[in-house]
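Results of the structural survey
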Amino acid sequence: MKKIVLCFAILLVTGTAYGQRGLNSNAVFRGKVVPTQRMVTTEVRGGSMATYKLDYYKGVNFQVDTATVAKVAAIVASDSEGAVSCETERVGELLTYALIQLKPSGKLNRYLCYQARSTGYTWMVTLLYLEGVATLEDLHTMFEKQETKAK
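If you're wondering where the values come from, they're calculated on a predicted model, not measured in any experiment. (Residues numbered from 1 in each chain as written. Predicted model: local features only at pLDDT ≥ 70, side-chain atom pairs only at ≥ 80, totals over all residues. Heavy atoms only, no water.)

1. Some details on the pattern of salt bridges
Enumeration according to the criterion identifies 2 salt bridges in this entry. Residue R45 is joined to E43 by a salt bridge in which the shortest nitrogen-to-oxygen separation is 3.1 Å. According to the relative accessible area criterion, R45 is partly exposed, its value standing at 33%. Note on E43: relative accessible area 36%, which makes it partly exposed. One salt bridge connects K53 with D138, and the closest N-O pair in it is separated by 3.4 Å. Of the two residues, K53 sits in the loop between strand 1 (39-45) and strand 2 (54-64) while D138 sits in helix 4 (residues 136-150), which places them 85 residues apart along the sequence. The exposure class assigned to K53 is partly exposed, which follows from its relative accessible area of 41%. Exposure remark for D138: the relative accessible area of 23% places this residue in the partly exposed category. (Salt bridge = Lys/Arg side-chain N within 4 Å of Asp/Glu carboxyl O. Buried < 20%, exposed > 50% of the residue type's maximum accessible area, 1.4 Å probe, protein only. Helix = DSSP H or I, 4+ residues; strand = E, 2+ residues; numbered from the N terminus.)

Pasting the structure below:
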């Protein structure tokens, strides 16, 4: 019986961990575009995310050159095709911000969030994958609070 429970628990965890599977951006999360050694990765799931109406959060931050940020931006833009909704900002032709509401997975809403900020000759990139019952309005409120705290 313990083996069955353990197998079921492992299946649940791996199912959530690969929520971003099927997205082109998964290549970024997996270190196929920027080596994982150059990324700061944060992954949170479960009760600690309930305050934000989220079940799963995965984020990566990294610093790259202009050619690499353009590659990452193109990958993120490709994930917006077929999305429920998409908000973007560009500097010239370069995508610098995206909040993409992906097709839901069952009752869970899914989002891909992207931001690239110039730091002179390099770019600081943040890419997030979120799952939960949070609405787009909830995310706007959450991000608004984050920006206020940062100022």
